[in-house]
Amino acid sequence: MLGKPDCHLCHEMTAVVAPVLAELGLSLVERDVRDDPEWWRLYRLEIPILLLNGVELARHRITAAELRLRLAQHPTR
């Protein structure tokens, strides 16, 4: 997930995503959008961004049900 420490939406997305991933034996890796110039250019006004293998799964908000559906539909999952 791309975000930054002081982002309220990022904290909300983490609270939804982390438990779902844990149920599936996966873990959430959080990255600061400011750490990469390309991420900053693309996403600075769009965080949080949830990615799986470079494919965007969600932007801003997602529910647990939506996440489960998108993970099930993801080709590399």
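Residues numbered from 1 in each chain as written. Predicted model: local features only at pLDDT ≥ 70, side-chain atom pairs only at ≥ 80, totals over all residues. Heavy atoms only, no water.

I keep staring at the state of the cysteines and nothing clicks. Help me out?
Every disulfide links exactly two cysteines, by a covalent bond between their sulfur atoms. Under the counting rule described, the total for this entry stands at one disulfide. Between the sulfur of Cys-7 and that of Cys-10 lies a disulfide, 2.5 Å long from S to S. In this structure the cystine formed by Cys-7 and Cys-10 twists about its S-S bond by roughly 80°; its chirality is therefore right-handed. The class for Cys-10 is buried, based on a relative accessible area of 4%. (Disulfide = S-S within 2.5 Å. Buried < 20%, exposed > 50% of the residue type's maximum accessible area, 1.4 Å probe, protein only.)

Before we go on, may I ask you to explain the pattern of salt bridges in this structure?
Pairs can form between side chains of opposite charge once their charged atoms are near each other. Per the stated rule, a full pass over the model turns up six salt bridges. In this structure, Arg-41 engages Glu-38 in a salt bridge whose closest nitrogen and oxygen atoms are separated by 2.6 Å. Here the residue Arg-41 and the residue Glu-38 both occupy positions in helix 2 (residues 37-43), the gap between them amounting to three residues, near one helical turn. On the basis of relative accessibility, which here comes to 52%, the residue Arg-41 falls in the exposed class. (Salt bridge = Lys/Arg side-chain N within 4 Å of Asp/Glu carboxyl O. Helix = DSSP H or I, 4+ residues; strand = E, 2+ residues; numbered from the N terminus.)

Any chance you could explain the environment of Trp-39 here in plain terms?
Structurally, the position occupied by Trp-39 is in helix 2. Not counting residues up to four positions away in its chain, the partners in contact with Trp-39 are Leu-2, Arg-31, Asp-32, Val-33 and Arg-44. (Contact = heavy atoms within 4.5 Å.)

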